[in-house]
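# Chain and residue survey
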Amino acid sequence: MLTSLKRLTLADGRSVTCTSPAEARMLWDEMSTQGYYRRAAAQLHPDDIVLDIGANIGLSAIAFADTCPGVRVIAVEPAPLTFECLRRNMVAHVPDGIALEIGVGAAKGTAQFTWYPRASANYSLYADRQCENQSTTIFLQNCGLDQKAIALVTNDLQDGEQIDVEVTTVSALLADQAPAGEIGLVKIDVERAELDVVRGIAESDWARMRTVVAEVHDCGDRLAQFCALLRSQGLATEVRQDAFLRGTELYEVFAFRPPIW
């Protein structure tokens with residue numbers, strides 16, 4: 001399986017391990033644009049805890065550590081092959097961070113994930129091939145690709161494999177890895193399991209959290225429920241949708257604790 005691992009050289013000359021250089025380059029570009037990830041990273045303080053849930057191969061973890069040296073990044077990724085990339089990239093570029101091969105949800109246990117070998121960023125506890133194909137097609141149309149090119153890119157892209165993974169909760173993770181300290185950022189990118197993740201946060205842990213950034217799939221009123229839960233914990237919320245994702249169910253949420261004057 002490890003023979004599937006590849007390398008990508010970033011613009012700054014650093015090399016990262018990945019399963020798809022094209023996908024990794026796209027993910028790194030997301031870290032480099034003026035979006036919510038960069039905004040959240042710019043507000044980090046040295047010694048903050050950063051919890052990266054759905055870390056994939058670790059590019060967001062690298063970006064957070066680059067922006068604010070001294071933060072402690074805890075990166076979580078359940079898919080074995082993707083985790084191996086994460087582990088290697090954390091060792092190489094975030095040596096003070098922690099990489100954990102586990103999923104995060106509303107309760108501890110085991111769950112069946114669908115992992116996509118050709119689209120590793122789309123693995124999900126709540127896989128929906130029809131929605132994935134539709135979102136991918138709309139994204140590529142918004143990028144200017146014609147139907148022939150889209151068909152070539154999406155052919156077999158969402159062919160998934162079922163894997164059983166251990167699942168924990170945010171609060172259980174914090175109890176094990178960071179029982180004290182301010183959590184400067186919780187980043188959530190878990191493909192339709194966003195509500196599960198925040199429902200697994202104990203009341204006592206919410207007060208430690210300064211910022212939450214999440215990708216949310218707005219199906220079944222999930223976006224409204226997600227934002228309402230964060231607001232109930234004293235966080236103000238902002239929502240945006242990237243121009244290339246207009247027409248899809250994908251939104252970004254930036255939640256922050258307003259200052260007390």
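Residues numbered from 1 in each chain as written. Predicted model: local features only at pLDDT ≥ 70, side-chain atom pairs only at ≥ 80, totals over all residues. Heavy atoms only, no water.

Within the secondary structure, serine 60 is located in helix α3 (residues 59-67). The exposure class of serine 60 is buried, given its relative accessible area of 4%. Reaching out from serine 60, the side chain makes a polar contact with the side chain of aspartate 52 at a distance of 2.5 Å. Polar contacts involving the side chain of serine 60 include one to the side chain of lysine 187, which spans 3.3 Å. Those residues in contact with serine 60, other than ones at most four positions away along the chain, are Met31, Asp52, Ala55 and Lys187. (Helix = DSSP H or I, 4+ residues; strand = E, 2+ residues; numbered from the N terminus. Buried < 20%, exposed > 50% of the residue type's maximum accessible area, 1.4 Å probe, protein only. Polar contact = N/O pair within 3.5 Å; in protein donor to acceptor, adjacent residues only side chain to side chain. Contact = heavy atoms within 4.5 Å.)

The next thing to look at is the nonpolar core. General note: in soluble globular proteins, nonpolar side chains tend to be found buried as a group. In this structure, Leu44, Leu59 and Val73 are the most contacted members of the largest nonpolar core, which totals 43 residues. Breaking this core down by element, the ones donating at least two residues are β2 (15-18), α1 (21-32), α2 (36-42), α3, β4 (72-76), α4 (80-93), β7 (109-115) and β8 (161-168). Counting residues per element, this core draws most heavily on α3, which supplies six residues. Among residues more than four places away in sequence, those in contact with leucine 44 are Val50, Phe64, Cys68, Val71, Gly184, Leu185 and Arg210. If you look at the next biggest cluster of nonpolar residues, it comprises 35 residues, including Ile74, Ile102, Val190 and Ala255. (Core = buried A, V, L, I, M, F, W, Y, C linked by side-chain atoms within 4.5 Å.)

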